[in-house]
Amino acid sequence: MTARGYRRLAEPLRWTLLGLAVLVLVVFLVAQRQQGIDVSYGRSPASTAGVDTDGAGTSDRATVPSVDEMTALVAAAPVVRLPGSVAYWNEQRVREVAGDTRILVAPPGLDKDGRERVRDVENATIRVIGTEVSGGFYQASSDRLPAWRAQFATGDVTDLLIALITALRKESTPADRDELRWREPSGPELTTVLTDLRATGRHIAPGATLTDVPEAAARNAFPDGAWYVALPVQRYGEPLPRYGPALSARFPDRPIVVMYGLWIEYHGPGAADFAELAGASFYGQFAGVLSRSDYPQRNVLGVYLNRVTDIRYAGLFERPLPYRPADPLRVALPALPWLFAGCVAAFMVLSARSLRRPGRRLGSRRDTTPTRLAGLTALAVEVSLLTDARSNPALTRGIVALQAARSAWEEKLPARHVRTLLDEAAAELDDTARQVGIASYRPDNYLRGRLS
């Protein structure tokens, strides 16, 4: 190949290598600024919407008398139960601590005005709206699964009443008691439930408000399918049929969800690993709004299934990690410094050969621009290994100015414009060197040393 032919190929290759080196450097620097590590096992597809606490949960059937009427009723009797009330308690245990306490019991599902009227009854020591128990400046709440189960499956507020009354009287609170009793379902009861489950995958008992199972939430929570048993709130003081264990004993590989009113429990594969966690986290968050509202069972079941989905995607079921394609940048990042170094080395070799062309002198005005561009580019390469978050912006601006100068020189734009861009690049690199704290990397010193 002739010298002229070599130069014709070397020039575009040299500047291409420089541009590639600058691009690699910019990508590498930008990648260093990326923050945040996703340590989740997998992103849950469950809906983030919880139980609506605004207008939902109210009922057109839930009403209360005026404040004056309720005040008169409370004055006439220590316990006033308004129509539609669902809260019950062990009267003997409450009577032992009640003293002169007066209790007003209202139905769930009241709108905001209805709840305000109940709270305005000043001669009521304790107010129960649904199964929410409050009095004075206090509101009683449960923190154990047995208490939530009794509250939402049978409307039992015994422990809540005792805790609030003793708090108002500044007495010690007795230990909670789990008074809920269970019984094995009879043969006909179990046969009826099994018939429905085999046919449709769900059994909805008379009085239950569940109309259908939320499909998306159910599919995410139990991809292989589950059976659902929905029962109404059970009569207080009577044993509850224990459908979950009875069905799980016959179908151990089948997930089974049983609802007693607004109490939800899970039986089946993995129950020992997550059932209590799902129940505690769900009722710990939503017990307050469920206690005073009148939500259909479908709404509550949907939110519970979303919580189960979140737990599944946390890895508690040994769920396989969902596939995520590799990030090309993260895969290539370790190779970028080597690619950068190779491009710079090739550029320097080609530049050295170009500077040794016959008839060219470094002192020539015509050669000042490419020589200075090459020197400043080499300076940017070397100083980039020493920059940090404080000096990176100046270095990046210098590199951008070098790119613009290279493009202007290749396109044969006016020399003054090219020199202006090089001056801007030199100023940014000089600022970089001062921030790094190495005087030999200031452009004047560096170029003088290189060209001497």
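Everything quoted here is computed from the prediction, not taken from an experiment.

**Focus on the overall build of the chain**
- A tally of regular secondary structure across the chain gives 17 helices and 11 strands.
- Burial analysis of the chain (452 residues in total) assigns 45% to the buried set.
- Excluding contacts between residues fewer than 6 apart, the proportion of contacts in the chain whose partners are at least 24 apart in sequence is 72%.
- When the accessible surface of the chain is split by element, carbon and sulfur atoms take 53% of a total near 24,300 Å².

**Some thoughts on the packing of aromatic side chains**
- The final tally for this structure, using the stated rule, is 12 aromatic pairs.
- Counting every residue linked through ring pairs, the aromatic cluster contains Trp-148, Phe-152, Trp-263, Phe-282, Tyr-283, Phe-286 and Tyr-304.

**Some remarks on helix α6 (residues 158-168)**
- Within α6, 8 of the 11 residues are buried, leaving the element largely enclosed by the surrounding structure.
- Here the buried face of α6 lies against α3 (91-98), β2 (103-106), β3 (126-129), β4 (132-135), β5 (138-140) and α5 (145-154).
- Looking one or two residues beyond α6, the residue adopting positive phi is Lys-170, at roughly 55°.

**A look at a nonpolar patch on the surface**
- Together, Leu-20, Leu-23, Val-27 and Leu-339 give the surface a local cluster of nonpolar side chains, amounting to about 300 Å² of exposed area.
- If you trace the backbone, Leu-20 turns up in helix α1 (residues 3-32).
- On the basis of relative accessible area, Leu-20 is assigned to the partly exposed category, the value being 33%.

**Comments concerning the pairing of β4**
- Going residue by residue along β4, you find Glu-132 and Ser-134 tucked away on one face and Val-133 and Gly-135 tucked away on the opposite face as well.
- Two elements, β3 and β4, share 3 bridges in a ladder whose sense is antiparallel. Paired with Ile-129 across the two strands is Glu-132, which belongs to β4.
- Across 3 bridges, β4 lies against β5 in antiparallel orientation. Opposite Val-133, over in β5, you have Ala-140 as the bridge partner.

**Considering the sheet that holds β5**
- Pairing is mixed in the open sheet, where 5 strands are placed in the order β1-β2-β3-β4-β5. Two strands lie at the open edges of the sheet, namely β1 (79-81) and β5, each paired on one side alone. When strand polarity is set aside, the average angle formed by the axes of neighbouring strands in this sheet is 15°.
- Its contacts with the sheet place helix α4 (residues 112-119) against β2, β3 and β4, and it is angled at close to 160° to β3.
- Across the sheet, α6 lies against β2, β3, β4 and β5, angled at about 10° from β4, the strand it touches most.

**Some thoughts on the pattern of salt bridges**
- Evaluated as defined, the whole model comprises 17 salt bridges.
- One salt bridge in this structure joins Arg-298 and Asp-212, with 2.9 Å as the shortest N-O distance. Of this pair, Arg-298 sits in helix α11 (residues 297-316) while Asp-212 is found in the loop between β7 (202-204) and α8 (215-221), placing the two residues 86 residues apart along the sequence.
- Residue classification places Arg-298 among the partly exposed positions, given a relative accessible area of 31%.
- Look at Asp-212 and you get partly exposed, because its relative accessible area is 29%.
- Ionic pairing is found between Arg-442 and Asp-430, a salt bridge with its closest N-O pair at 2.6 Å. Linking Arg-442 in the loop between α16 (415-436) and α17 (443-451) with Asp-430 in helix α16, this pair joins segments that are 12 residues apart in sequence.
- Taking relative accessible area as the criterion, Arg-442 reaches 34% and is therefore assigned partly exposed.

**Some remarks on the sheet that holds strand β10 (residues 256-260)**
- Taken together, the 4 strands give an open sheet; going across it, the order is β7-β8-β10-β11, and neighbouring strands pair in mixed fashion. Each of the sheet's edge strands pairs with one partner strand only, and the pair in question is β7 and β11 (263-267). Adjacent strand axes in the sheet meet at a mean angle of 10° when their direction is disregarded.
- Pairing between β10 and β11: 5 bridges, direction antiparallel. Looking at β11, one finds that Met-259 is bridged to Ile-264.
- Relative to β10, helix α9 (residues 243-250) is tilted by about 165°, and along the sheet it contacts β8 (227-231), β10 and β11.

**Here's the deal with the environment of Leu-413**
- Along the polypeptide, Leu-413 turns up in the loop between α15 (392-410) and α16.
- Classification of Leu-413 as partly exposed rests on a relative accessible area of 36%.

**Topic: the packing of α15 against α16**
- It is at 8 Å that the axes of α15 and α16 come closest, and there the two elements cross at 160°. Relative to α16, the element α15 is oriented roughly antiparallel. Remark: the crossing between α15 and α16 carries left-handed chirality. Contacts between α15 and α16 involve Ala-394, Leu-395, Arg-397, Gly-398, Ala-401, Leu-402, Ala-404, Ala-405, Ala-408 and Trp-409 from the former and His-417, Val-418, Leu-421, Leu-422, Glu-424, Ala-425, Glu-428, Leu-429, Asp-431, Thr-432 and Gln-435 from the latter.
- Residues that form the contact of α15 with α16 fall into these classes: 13 nonpolar, 4 polar and 4 charged.

**Details of the environment of Leu-231**
- The topology assignment puts Leu-231 in strand β8.
- We classify Leu-231 as buried; its relative accessible area is 6%.
- Residues Leu-231 and Gly-261, 30 residues apart in the sequence, show an inter-C-alpha distance of 6.1 Å.
- Setting aside chain neighbours within four positions, we find Leu-231 in contact with Ala-205, Ala-208, Tyr-243, Met-259, Tyr-260, Gly-261 and Gln-297.

**Thoughts on the side chain of Thr-432**
- Along the chain, Thr-432 falls in helix α16.
- Here Thr-432 is in contact with Val-383, Thr-387, Ser-391, Ala-394 and Leu-395, once residues within four sequence places are set aside.

Parameters at a glance
Residues numbered from 1 in each chain as written. Predicted model: local features only at pLDDT ≥ 70, side-chain atom pairs only at ≥ 80, totals over all residues. Heavy atoms only, no water. Helix = DSSP H or I, 4+ residues; strand = E, 2+ residues; numbered from the N terminus. Buried < 20%, exposed > 50% of the residue type's maximum accessible area, 1.4 Å probe, protein only. Contact = heavy atoms within 4.5 Å. Areas by Shrake-Rupley, 256 points an atom, 1.4 Å probe, with all protein chains shown as cover. Phe/Tyr/Trp six-rings, centres within 6.5 Å; stacked < 30°, edge-to-face > 60°. Patch = residues over 30% accessible without salt bridge, like charges linked within 9 Å, V, L, I, M, F, W, Y side chains within 5 Å. Salt bridge = Lys/Arg side-chain N within 4 Å of Asp/Glu carboxyl O. Pairing = 2+ DSSP bridges. Axes fitted to C-alpha atoms, helices over the stretch in contact; angles between N-to-C directions. Parallel < 35°, antiparallel > 145°, perpendicular 65-115°, else oblique. Left-handed = near helix turned anticlockwise from the far one by under 90°. Nonpolar A, V, L, I, M, F, W, Y, C, P; charged D, E, K, R; others polar.

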